[in-house]
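Descriptive analysis of the structure
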Amino acid sequence: MNAPVVAFKPNSPREETRSNWTDRRIEIILGTVLRTGVVLSAVVVLWGAAIYLSRHAHQAADYRIFRGEPSEFRTIPGVIHSVIKVQGRGWIQFGLLLLIATPIARVLFSIAGFVLERDRLYVAFTLVVLGVLLYSLLGSGARF
Amino acid sequence: MTILEFTGIVGLVSFVAGLLGSLTGLGGGVVLVPLLTILFHVDIRYAIGASLVSVIATSSGAAAAYVKEGFSNIRIGMFLEIATTFGALFGAFLATRIPTTAIAIVFGVVLLYSAFISRIPRTHAQRNLPPDPLATRLRLNGSFPDLEGERTYNVQHVPAGFSLMFGAGALSGLLGIGSGAVKVLAMDQAMQIPFKVSTTTSNFMIGVTAAASAGVYLSRGYVDPGLAMPVMLGVLAGSLLGSRLLIKAETKSLRLVFSLVILVLGLQMLDTGFWGHI
């Protein structure tokens, strides 16, 4: 365990306060990151919904049979391609990608916070979580 | 049903689910998948994909408000997220392998359990327990603002809590829910984390947990934009309104009604799962 002892030594109230203060500051930044991500993705999804509904409103909706989405809606390059082509469903999917990216951004900011606190143990923990998230989004498609 | 009608009705149902889920604290995601499959005959895999996305939205929206109040413990959150994200990957992997009828049965059991746990009184974390050496090494112990000033707490039974969180993550990935009920078991019962801290910290973790399986669902083609759009927007709007309203007096009867709804949906899911018409 290489993390510095100063951050949370129980018997030194001054150090503990400093660490708590940094913790609080990180928490406030994380809150802002989360809010921004959610608002941004909701706006993009709404925009996509407007395009989608203006074109397909009167077609029949059917989700009874599972077909799986085409590759343009399940890979990041595919989604970007359909965003450029101004497809409503592509824009919705782009908004959903932003939403999935929001917790990933939160984890990235947490790493920065723990680095500032020189808390190596928690930098390591957070990197593991980041690895799982990135694998899920980028690496899982081909394998399962 | 045309796409316009479908979008409108699903959006409305999702709004109500998000509102009730937020007012009762039981979460909207747990009723969404059964409603979509039973009422709208949506394939359960599409329903789970859409629900998972809405779980990220509500949890991130709520966590943004909570972290600023100083109740959530980011170290507990970060540490347990290792367990929940691996669990979520495992759950998402399972979801692509096991038959949909089996998913429905597991869903039914989880709904019945959620209805049950919402009716039993919450056990309060014991005060002034001696610190657990492992929790101290991991620096999980913390404090939060209370009426009598800052209240400190010592986290207990770290390995048990960690294992339970893996299970919570797996259920989240398999069923597309926040699995708050299992988190309560892990954080309140096993780890003895005070109520306010465990609720807000678990909310903080749900977004990351759901993102870990949402990636798999997206790249497997389980997230349909036409379905996820009204679900995500509806649940998000409903839960935001719910967190503003906070009508405390009504919550008790509302909770009873909502847990009855969960119970009925649980029985329905077991029924569809066992008879195979899903």
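See the structure shown above.
What this report covers is the structure whose coordinates are included nearby. (Residues numbered from 1 in each chain as written. Chains lettered and ligands numbered in written order. Predicted model: local features only at pLDDT ≥ 70, side-chain atom pairs only at ≥ 80, totals over all residues.)

1. Side note on the overall build of chain B
Each helix and strand in chain B was counted, giving eleven helices and two strands. Secondary structure elements of chain B occur, N-terminal to C-terminal, as α-α-α-α-α-α-β-β-α-α-α-α-α. Taken over C-alpha atoms, the radius of gyration comes to 18 Å for chain B, in line with the 19 Å a tight globule of 278 residues would show. Overall, chain B is about 60 × 40 × 30 Å in size when its C-alpha atoms are taken along their principal axes. A burial count over chain B gives 63% of its 278 residues as buried. (Helix = DSSP H or I, 4+ residues; strand = E, 2+ residues; numbered from the N terminus. Rg over C-alpha atoms; globule rule 2.2 N^0.38 Å. Buried ≥ 20, exposed ≤ 12 C-beta atoms within 10 Å, placed from the backbone.)

2. Some details on the environment of Arg55 of chain A
Residue and element names in this part refer to chain A. Note on placement: Arg55 falls in helix H1 (residues 13-56). Residue Arg55 is classed as partly exposed on the basis of its C-beta count, with 13 C-beta atoms lying within 10 Å. Distance in space between the C-alpha atoms of Arg55 and Val38 is 26 Å, their sequence separation being 17 residues.

3. As for the interface of chain A and chain B
Across the contact, 59 residues belong to chain A and 56 residues belong to chain B. Looking at the side of chain A that touches chain B, the elements that each hand over two or more residues are H1, helix H3 (88-116) and helix H4 (120-143) of chain A. In terms of residues, the side of chain A that touches chain B owes the most to one element, H1 of chain A, which gives 19 residues. Residues that form the side of chain A that touches chain B fall into these classes: 35 nonpolar, 15 polar and nine charged. (Contact = placed C-beta atoms within 7 Å. Nonpolar A, V, L, I, M, F, W, Y, C, P; charged D, E, K, R; others polar.)

4. Remarks on the nonpolar core
Judged by nonpolar contacts, the single largest core of 127 residues is most densely connected at Val53 and Met232 of chain B. It is helix H3 (residues 44-67) of chain B that provides the largest number of residues to this core, a total of 14 residues. If we skip the residues at most four places from it in the chain, Met232 of chain B touches Val45 of chain A together with Val53, Ser54 and Ala57 of chain B. (Core = buried A, V, L, I, M, F, W, Y, C linked by C-beta atoms within 7 Å.)

5. A look at the pairing of strand S1 (residues 142-146) of chain B
All names here are of chain B. Pairing of S1 with strand S2 (residues 149-153), which is carried by five bridges, proceeds in the antiparallel orientation. By the bridge assignment for S2, Phe144 is matched with Arg151. The hairpin turn running from S1 into S2, its antiparallel successor, is two residues long. (Pairing = 2+ DSSP bridges.)

6. Topic: the packing of helix H1 (residues 3-24) of chain B against helix H10 (residues 225-245) of chain B
Following both chains from N to C, one finds H1 of chain B and H10 of chain B inclined at 35°, their axes separated by 6 Å at the closest point. The element H1 of chain B and its partner H10 of chain B pack so that their crossing is right-handed. (Axes fitted to C-alpha atoms, helices over the stretch in contact; angles between N-to-C directions. Left-handed = near helix turned anticlockwise from the far one by under 90°.)

7. Concerning the environment of Phe6 of chain B
Topologically, Phe6 of chain B is positioned in helix H1. A tally of 21 C-beta atoms within 10 Å means that Phe6 of chain B is categorised as buried. Distance in space between the C-alpha atoms of Phe6 of chain B and Arg151 of chain B is 49 Å, their sequence separation being 145 residues. Among all residues touching Phe6 of chain B, those that are not within four sequence positions of it are Ala61 of chain A together with Met1 of chain B.

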